[in-house]
Amino acid sequence: MSMSIAAIACVPMFSVGVFGLIFNMRRSAVQRAMREELASQREIEARNRASLERSKRATEVAADQFRAMLEQLPQAVIAVDQSKEIVLMNAAAQSMLHEGRLLRSSALPSEIAALLTATAAASEGTRRSREVTLSMHEATLALRVECVASGGLAIAVLFDLAGERDAERRMGEFVAKASHELRTPLASIRAYAEMLEDADMIAESERRQLCATMLSESDRLARMVDQMLSISRIESGIARISAARVDLFALATEAVDAMRGEASTKDITLIVQPCAVSATAEGDRDMLQQVLVNLISNGIKYTPAGGTVTLSMDTDHLARSVVVHVTDTGPGIPLEAKGRLFEKFYRIENYRRLAKGTGLGLNLCRSVIEQLHGGQIGVESTLGMGSRFWFSVPMERVGRVAA
Ligand code: ADP
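These lines cover the structure that appears in this document, whether it is placed above or below. All figures in this text were calculated on a predicted structure; none of them were measured in a lab. Per-chain numbering applies: the sequence of each chain, read as written, is numbered from 1 onward. Given that this is a predicted model, residues contribute local features only at a pLDDT of at least 70 and side-chain atom pairs are listed and counted only at 80 or more, while totals for whole chains, interfaces and linings are drawn from all residues. Only heavy atoms go into the side-chain values, all of them from the structure, while hydrogens and water stay out.

With that out of the way, let us pick up the site of the ligand. Consider each residue's heavy atoms; a residue with any of them within 4 Å of a molecule or strand counts as near. Neighbouring the ligand are 18 residues, the closest being Asn 298, Tyr 302, Arg 347, Thr 358 and Leu 362. For the purposes of these results, a polar contact is taken to be a pair of N or O atoms within 3.5 Å, where, inside protein, one atom must be able to donate a hydrogen and its partner to accept one; residues adjacent in sequence count only when each atom of the pair is a side-chain atom. Between the ligand and the protein, one listed contact pairs a nitrogen atom with a side-chain N or O atom of Asp 328 at 2.8 Å. A distance of 3.2 Å separates an oxygen atom of the ligand from a polar backbone atom of Gly 359. Areas reported here follow the Shrake-Rupley algorithm with a probe of radius 1.4 Å; residue values treat only the protein chains shown as occluding. If the ligand stood free it would expose 530 Å²; the protein chains cover 98% of that surface. Those elements that place two or more of their residues in the shell around the ligand are α8 (285-302), α10 (361-373) and β12 (387-394). Sort the elements by how many residues they give to the shell around the ligand and α8 lands first, with three residues. In terms of residue class, the shell around the ligand is built from nine nonpolar, six polar and three charged. Helical segments are the DSSP runs of H or I of at least four residues, strand segments are the runs of E of at least two, and each set is numbered from the N terminus. Three residue categories are used. Nonpolar comprises Ala, Val, Leu, Ile, Met, Phe, Trp, Tyr, Cys and Pro, charged comprises Asp, Glu, Lys and Arg, and polar comprises the others, including Gly.

Okay, structure coming up:
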């Protein structure tokens with residue numbers, strides 16, 4: 001009896017113990033769940049932070065790339081906010097406005113500032129275009145400003161109208177010269193074809209002579225068209241070089257060997273001087289071959305019989321370039337012609353009778369060397385004492401893996 005009373009008395013205590021136990025278990029389960037929840041929240045937050053950081057970095061990289069791209073643009077670009085603040089000005093704009101001394105400190109000329117702030121405040125995508133003439137410190141600049149409203153800014157491209165007009169004038173001159181030069185061989189081919197039509201009146205020897213001239217004129221025409229196409233591909237930036245390691249001594253020897261026939265018909269001696277240093281350059285093999293052939297061919301064409309055309313090369317370690325010289329014992333270059341020799345269609349009047357040509361070879365050489373290889377080309381000559389044409393191209397890069 002006392003046992004059962006004791007047992008009964010123990011029931012509440014037991015219940016309290018069990019409930020306490022259950023309560024404790026539940027509490028620790030809840031606490032565990034809360035801890036897990038907290039941990040997973042922290043994990044999510046850390047992941048969010050990392051992805052935010054990644055997208056921030058990606059945005060910064062994209063902005064840097066965009067800024068670098070704008071810096072490289074040949075067009076002058078500026079961006080201005082609604083309070084006339086210049087947010088961006090690329091190098092082309094700096095040189096247009098600063099070097100033209102049309103920009104004082106950081107303030108834009110009022111004519112441009114008014115247009116840009118009004119555009120910045122306009123609705124997204126609004127486009128405006130205006131021609132303005134700026135003058136300051138005796139300098140004058142005629143500009144066309146084209147701008148667009150974007151994200152509270154006005155982004156503007158500035159076009160130098162004088163430059164555009166100059167480019168148009170040069171293009172007009174080029175078209176006039178080109179059509180004249182193309183028409184000349186065409187006219188003689190046509191005239192000779194008409195003479196050949198009346199074949200009965202022509203002696204066999206004269207017929208052969210006419211045919212030979214027609215063939216050489218059509219070759220000259222084809223060469224001219226090829227050279228014009230190559231020059232315009234380079235000038236418009238379409239042409240690309242496939243840069244590789246080029247042994248210029250081996251290339252020069254190859255070019256000379258290919259031209260020995262042409263030289264011996266004119267009794268010209270071709271020499272490649274031994275090269276004590278490694279004349280290995282970084283460039284486009286075929287294009288450099290074309291330059292060498294052009295310079296050697298000019299040497300052969302303009303040098304009188306019995307003369308010599310010599311190729312030599314050297315390295316300029318300071319400029320990290322290989323320099324090639326093509327020296328002839330020909331008539332040399334008159335002083336007044338030196339500055340114009342590399343212009344399109346320029347030919348020394350007195351030398352036209354010495355050889356047929358297009359007046360485009362040296363211009364193409366200059367485009368290949370200067371525009372595509374970042375090198376230099378030039379001529380040294382004293383009238384009556386021969387000419388020395390030279391070009392330099394970058395030396396092979398150190399550590400380049402041989403192809
Ligand atoms: P072309 O097809 O007329 O030779 P180039 O552009 O190669 O065209 O040369 C332009 C002009 O430069 C030639 O027409 C010629 O008058 C002059 N010239 C080029 N090379 C020499 C040279 N080695 N000696 C003298 N005159 C040269």
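Turning our attention to α8. What a helix should span is 1.5 Å times the count of its residues minus one. In this model α8 runs 26 Å from its N-terminal to its C-terminal C-alpha over 18 residues, within 8% of the 26 Å that 1.5 Å per residue would give. With 13 of 18 residues buried, α8 is to be regarded as a mostly interior element. Two or three places before Asp 286, at the start of α8, stands the capping residue Asp 284, its side-chain oxygen 3.2 Å from that residue's backbone nitrogen. Each residue is assigned to one of three classes by its accessible area relative to the maximum for its type, calculated with a 1.4 Å probe on protein chains only: buried under 20%, partly exposed between the two thresholds, exposed over 50%.

A few words on the packing of aromatic side chains. Two aromatic rings, drawn from Phe, Tyr or Trp (for Trp, its six-membered ring), form a pair once their centres lie within 6.5 Å of each other, and the interplanar angle then sorts them: stacked below 30 degrees, edge-to-face above 60, tilted otherwise. Applying the stated criterion to the full structure yields three aromatic pairs. Aromatic side chains Tyr 302 and Tyr 351 sit 6.4 Å apart centroid to centroid with 40° between the ring planes, which places their arrangement in the tilted category. Of this pair, Tyr 302 sits in helix α8 while Tyr 351 sits in the loop between α9 (335-338) and α10, and the two are 49 residues apart along the sequence. Given a relative accessible area of 12%, Tyr 351 falls into the buried group. The ring of Phe 159 carries the charged tip of Arg 144 above its face, separated from the ring centre by 4.7 Å. Here, a charge over a ring is recorded when the distance from Lys NZ or Arg CZ to the ring centre is within 6 Å and its angle to the ring normal is within 35 degrees.

With a phi angle near 55°, Asp 267 is a residue other than glycine that sits in the positive phi range. Backbone geometry at Phe 345 places phi at a positive 65°, although glycine is not the residue there. Inspection of the secondary structure puts Phe 345 in the loop between α9 and α10. A relative accessible area of 6% means that Phe 345 is categorised as buried.

Attention now moves to the environment of Ile 78. Inspection of the secondary structure puts Ile 78 in strand β1 (residues 76-81). Here the alpha-carbon distance between Ile 78 and Leu 88, two residues ten residues apart in the chain, equals 5.3 Å.

A one-sided burial pattern is seen for strand β7 (residues 269-272), the buried positions being Leu 270 and Val 272 and the unburied ones Thr 269 and Ile 271. Strands are treated as partners if at least two bridges between them are detected by DSSP. Relative to strand β9 (residues 308-316), β7 runs parallel, the two sharing four bridges. Bridge pairing links Leu 270 to Val 309 in β9.

Another point: the pattern of salt bridges. A side-chain nitrogen of Lys or Arg and a carboxyl oxygen of Asp or Glu constitute a salt bridge if their distance falls within 4 Å. Applying the stated rule across the entire model yields 18 salt bridges. In this structure, Glu 204 engages Arg 207 in a salt bridge whose closest nitrogen and oxygen atoms are separated by 3.0 Å. Residue Glu 204 and its partner Arg 207 are both found in helix α5 (residues 204-235); the two are separated by three residues, about one turn of the helix. Judged by relative accessible area, Glu 204 falls into the partly exposed class, the value being 41%. Judged by its relative accessible area of 33%, Arg 207 is partly exposed. Across the pair Asp 257 and Arg 260 runs a salt bridge whose closest N-O atoms are separated by 3.4 Å. Overlapping salt bridges bring together Asp 166, Arg 169, Arg 170 and Glu 173 as one network.

Turning to the environment of Leu 210, a few remarks are in order. Considering the arrangement of structural elements, one finds Leu 210 in helix α5. On the basis of relative accessibility, which here comes to 6%, the residue Leu 210 falls in the buried class. Between the C-alpha atoms of Leu 210 and Asp 160, which are 50 residues apart in sequence, the distance is 51 Å. Any pair of residues with heavy atoms lying within 4.5 Å of one another is described as a contacting pair. Setting aside residues up to four positions removed in sequence, Leu 210 forms contacts with Tyr 192, Met 195, Leu 196 and Ile 202.

Attention now moves to the sheet that holds β12. Strand pairing in a sheet relies on backbone hydrogen bonds, with the paired strands running either antiparallel or parallel. Pairing within the open sheet is mixed, and its five strands lie in the order β7-β9-β10-β12-β11. Each edge of the open sheet is held by one strand with a lone partner, namely β7 and β11 (376-381). Across the sheet, the mean angle from the axis of one strand to that of its neighbour is 15°, orientation sign disregarded. Across six bridges, the pairing between β11 and β12 is antiparallel. The partner of Gln 376 across the bridge, within β12, is Ser 392. Axes here mean lines fitted to C-alpha atoms, for a helix over just the part in contact, with angles spanning 0 to 180 degrees between N-to-C directions. Against the sheet, α8 touches β7, β9, β10 (321-328) and β12, its axis set at about 175° to β12.

In short, geometric facts, not functional conclusions.
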